[in-house]
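Reading the structure
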Amino acid sequence: MTVYFMCAVLLMMGLYCLVAKKNIVKKIIGIVIMEYAVNLYLITIGYKKGGVAPIIEKTTSPELLERFVDPLPQALVLTSIVIGLGTLALMVSLVIRLYEKHGTFDMSQISKLRG
Amino acid sequence: MACLAIGTPAMVHHMGGWTAPLGIALVSDGLTVLLLIAVNVIAFLCIIFSLKYMRVYTGLTKYYSLFMLMVAGMNGVVVSGDLFNLFVFLEVASIASYALVAFGVEADELEAGFKYMILGSVASVMILFAVGTVYAVTGTLNMADASREIATRFGGAEMNPALLLAAAFFLMGFGLKAALVPFHAWLPDAHPSAPAPISAMLSGVVIKSLGVYAMCRVMFHVFGFASASPSSVIIADTMIWLSVLSIVVGGLMAIGQWDFKRLLAYSSIGQVGYVMLGIGVGARVLATGGTRSLAALAILGGLFHLINHAAFKSLLFLSSGAIQQATGTRDMKMLSGLGKRMPITAATTNLAALSIAGVPPFSGFWSKLIIIVATIRAGHTAVAVVAIAMAFVTLAYYVKVQKEMIFGPVRGPAESAKEVSPVMYVPMIILAIVCVGFGLLYPVLGSRILEPARDALLNGAEYVKLVLG
């Protein structure tokens, strides 16, 4: 249970970083922290103490079957890491273009649109 | 292609031959067909419009690739029968749309794209968190299987706190994608900054397929309102509150805008509020065990407004693009008398504005009427009064659009304006015909497209049976 709370804390840290920091690079770091918090959460869902890889062979005993970990969350995390990479690449490229236009990373100086 | 699916019975395709709870299923039921038609028809018309409009931009191959990626992502979201698969397609469509919003690579576009991207990423994180939680509780990612699991474990009773947390995160994530107030901050920047065909796609179908559709699918077909549990009443109430806030804030903010596209963007927030109001009222009636026919009426109103809004809002954004190209500005203070210089654009803008404002013979009137009647009959009189008042506000700001831009003496940039090329106005005329057609031909369209979609939302159990066999 504590692990889940730690994931939630990490998520909130990311959100705080995103909201409170003015530097757009730090905002991106906040997003990445949030993504990793969720990845960590997904991995903890599938965690099993003393688990083994779920490969069934002819010699697999019932005791070993009990110790199999759930492979699905790991597959999800792999996919979500790749998606996170794509998002991150696009975000960084936007930041580079913003820096070229304004010569600063400070959101309060960049921001002209009123929302 | 999507039109071929009209009237066909619901279908399931099991990817790679793995049957439902094990493999990923692609599901096509009434609701899917409705969204597929909206997405693909509007995408097709926007691409035709882009052929001429996008000439001024460079990197057109990238533009069309991103456009296709966005359309593919939306189609994937709509047909997916698996929660994680839905998330992946949602990300595909979102990432393509972030890049498209920033496509102009000027200061404004980049800033709007960056904001949209930050908020969109937060939404994605929320959705992924909720997907993980649903998996932890039910042990499956297949929507039908998860729905069966939730119904058997919590049917009629209070839900597990973890599931409620997941529902809250889903509402937040999809609410952000659908730009419901208070998650709307990205939309009024992103929509005006994008090229006009992209604004039309974003307002017309992206916020609906990624936001409203996904929310409906998850709430109705995974969490389920049929069980009449106290938790589903809470979820339905939240949907109604979000929609009322959107209607009020979107409408009031739109009045004060002088940038045409910004006005349209705020108006989108308000109109998506109407869509969610219909669906939320329907959900609440189902969750409190009210009459099914009333719930059916409310949901029908919401879905009808969804498809109407897709038609007229994309038409309005395409018109704004035509006006911007002809005059070089979209500031309503500088424009006047466009009706004399650009008769076709002016006529389509007028038609769409009348339709969205809810003037009787057009489609917008009927859908708003159905939503408001259903809201009153469900006993939410105060909400209905707000909805009626804001319908008048909608009329007010579209009258302002017509008065300032279309009518009046020809002056300023309008003097040198010429009608845009047929490549641009033909899609606009087609959409205008659709706007009128939905209003007049409801008896034909309703039974073939809207009613299957409504029944799909009403009968969550049917969905489970369809996917799991």
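Here's what I pulled together on the structure shown here.

A count of helical and extended segments in chain B gives 18 helices and two strands. The C-alpha atoms of chain B give 21 Å as radius of gyration, which agrees with the globular expectation for 469 residues (23 Å, within 12%). Projected onto its principal axes, the C-alpha coordinates of chain B cover approximately 70 × 50 × 40 Å. Of the roughly 14800 Å² of accessible surface on chain B, a fraction of 70% belongs to carbon and sulfur atoms. Side chains of chain B carry 27 positive and 20 negative charges; the gap between the two charge centres is 7 Å.

In terms of regular secondary structure, chain A is built from five helices and zero strands. Shown N-terminal to C-terminal, the secondary structure of chain A runs as helices and strands in the order α-α-α-α-α. Its C-alpha atoms give chain A a radius of gyration of 20 Å, more than 25% over the compact-globule value 13 Å for 115 residues. When its C-alpha atoms are laid out on the principal axes, chain A stretches across 65 × 30 × 20 Å. Counting over 115 residues, chain A shows a buried share of 35%. Across chain A, the fraction of contacts at a sequence separation of at least 24, relative to all contacts at a separation of at least 6, is 52%. Averaged over its 12 positive side-chain charges, chain A has a centre that lies 16 Å from the centre of its 7 negative ones.

This brings us to the interface of chain A and chain B. In this complex, chain A contributes 38 residues to the contact, which on the side of chain B involves 37 residues. Applying the counting criterion to the chain A and chain B interface returns zero salt bridges. Linking chain A with chain B are four residue pairs in polar contact (both at pLDDT 80 or more). Mapped by element, the contributors of at least two residues to the side of chain A that touches chain B are helix H1 (2–20), helix H2 (24–45), helix H4 (72–102) and helix H5 (107–110) of chain A. Among the elements that take part in the side of chain A that touches chain B, H4 of chain A stands out by supplying 16 residues, more than any other. Here the side of chain A that touches chain B is built from residues that sort into 23 nonpolar, eight polar and seven charged.

This next bit is on unusual backbone geometry. Residue and element names in this part refer to chain B. Cis geometry is adopted by the peptide bond preceding Pro182, which originates at Val181 and carries an omega value of 5°. Note that Pro182 resides in the loop between helix H6 (161–178) and helix H7 (187–193). Located in the positive-phi region is Val105, a residue other than glycine, with phi close to 40°. Mapping Val105 onto the fold places it in the loop between helix H3 (83–101) and helix H4 (107–138). The residue Ala179 is not glycine, and still its phi comes out positive at about 60°. Take Ala179: it is sitting in the loop between H6 and H7. Given the relative accessible area of 1%, Ala179 is considered buried.

What sets the pattern is the α-helix's 3.6 residues per turn: residues three or four places apart point alike. All names here are of chain B. Relative to the 16 Å expected for 12 residues at 1.5 Å per residue, helix H5 (residues 143–154) spans 16 Å between its end C-alpha atoms, a close match to the ideal helical length. Buried residues of H5: Met143, Ala144, Asp145, Ala146, Ser147, Ile150 and Phe154, and no others. Looking at the buried side of H5, the elements it contacts are H3, H4, H6, helix H8 (196–223) and helix H18 (460–468). Residue Asn142 occupies the N-cap position of H5, its side-chain oxygen lying 3.0 Å from the main-chain nitrogen of Ala144.

Here we take up the nonpolar core. One finds Phe170, Met201, Met219, Phe223, Phe225 and Tyr398 of chain B to be the most contacted residues of the largest nonpolar core, which totals 212 residues. Those residues within four positions of Phe223 of chain B in sequence are excluded, and the remaining contacts are Val134, Ile150, Met159, Leu163, Ala166, Ala167, Phe170, Val218 and Ile235 of chain B.

Residue and element names in this part refer to chain B. Across all of its chains, the model carries 12 salt bridges over all chains by this definition. Arg454 is the salt-bridge partner of Asp455, the closest N and O atoms lying 3.2 Å from each other. Take Asp455: its relative accessible area is 31%, and that puts it in the partly exposed class. Note that Glu462 and Lys465 form a salt bridge whose closest N and O atoms lie 3.9 Å from each other. In this pair, Glu462 and Lys465 are both assigned in helix H18, three residues apart and thus about one turn of the helix distant. With a relative accessible area of 47%, Glu462 lands in the partly exposed category.

Residue and element names in this part refer to chain B. Where helix H11 (residues 292–327) meets helix H16 (residues 422–440), the axes come as close as 9 Å, and the angle between the chain directions of the two elements is 150°. With respect to their mutual orientation, H11 and H16 come out roughly antiparallel. In this structure, H11 crosses over H16, and the sense of that crossing is left-handed. Mapping the contact onto sequence places Phe304, Ile307, Asn308, Ala311, Phe312, Ser314, Leu315, Leu318, Ser319, Ala322 and Gln325 in H11 and Met424, Met428, Leu431, Ala432, Val434, Cys435 and Phe438 in H16.

Another point: a nonpolar patch on the surface. Residues and elements named next belong to chain A. A cluster of nonpolar side chains, namely Met1, Tyr4 and Phe5, defines an oily patch on the protein surface of about 380 Å² accessible area. If you trace the backbone, Phe5 turns up in helix H1. Judged by relative accessible area, which is 55%, Phe5 ranks as exposed.

Below, the discussion takes up the packing of helix H1 (residues 30–53) of chain B against helix H2 (residues 60–79) of chain B. Residue and element names in this part refer to chain B. Relative orientation of the contacting elements H1 and H2 amounts to 170°, with a least axis distance of 9 Å. The angle between the axes of H1 and H2 places the two elements in the roughly antiparallel class. The residues of H2 that touch H1, namely those facing Thr32, Leu35, Leu36, Val39, Asn40, Ala43, Cys46, Ile47, Ser50 and Leu51, are Tyr63, Tyr64, Phe67, Met68, Val71, Met74, Asn75, Val78 and Val79. The class makeup of the residues in the contact of H1 with H2 is 15 nonpolar, four polar and no charged.

Residues and elements named next belong to chain B. Tallied over the full model, the rule gives 17 aromatic pairs over all chains. When the centroid spacing of 6.1 Å and the interplanar angle of 80° are considered together, the rings of Phe170 and Phe223 count as edge-to-face. Within this pair, whereas Phe170 is found in helix H6, its partner Phe223 is found in helix H8, the two being separated by 53 residues in sequence. The same class applies to Phe170 as to Phe223, namely buried. One aromatic cluster is present, formed by Tyr57, Tyr63, Tyr64, Phe67 and Phe103 through successive ring pairs.

Residues and elements named next belong to chain B. Within the span of H18, buried status applies to Gly460, Tyr463, Val464 and Val467. One side of H18 carries all its buried residues, which in axial view fall inside an arc of 100°. Residues of H18 that are exposed and point over 90 degrees away from its buried face: Ala461 and Lys465. Of the surrounding secondary structure, the elements contacted by the buried residues of H18 are strand E1 (11–14), strand E2 (25–28), H5, H8 and helix H17 (442–458). Immediately beyond the C-terminal end of H18, within one or two residues, lies Gly469, with a positive phi of roughly 75°.

Rules and cut-offs
- Residues numbered from 1 in each chain as written.
- Chains lettered and ligands numbered in written order.
- Predicted model: local features only at pLDDT ≥ 70, side-chain atom pairs only at ≥ 80, totals over all residues.
- Heavy atoms only, no water.
- Helix = DSSP H or I, 4+ residues; strand = E, 2+ residues; numbered from the N terminus.
- Rg over C-alpha atoms; globule rule 2.2 N^0.38 Å.
- Areas by Shrake-Rupley, 256 points an atom, 1.4 Å probe, with all protein chains shown as cover.
- Lys, Arg positive; Asp, Glu negative; His and termini not counted.
- Charge placed at Lys NZ, Arg CZ, Asp CG, Glu CD.
- Buried < 20%, exposed > 50% of the residue type's maximum accessible area, 1.4 Å probe, protein only.
- Contact = heavy atoms within 4.5 Å.
- Salt bridge = Lys/Arg side-chain N within 4 Å of Asp/Glu carboxyl O.
- Polar contact = N/O pair within 3.5 Å; in protein donor to acceptor, adjacent residues only side chain to side chain.
- Nonpolar A, V, L, I, M, F, W, Y, C, P; charged D, E, K, R; others polar.
- Expected span 1.5 Å × (residues − 1).
- Core = buried A, V, L, I, M, F, W, Y, C linked by side-chain atoms within 4.5 Å.
- Axes fitted to C-alpha atoms, helices over the stretch in contact; angles between N-to-C directions.
- Parallel < 35°, antiparallel > 145°, perpendicular 65-115°, else oblique.
- Left-handed = near helix turned anticlockwise from the far one by under 90°.
- Patch = residues over 30% accessible without salt bridge, like charges linked within 9 Å, V, L, I, M, F, W, Y side chains within 5 Å.
- Phe/Tyr/Trp six-rings, centres within 6.5 Å; stacked < 30°, edge-to-face > 60°.
- Arc of directions from axis to C-beta.

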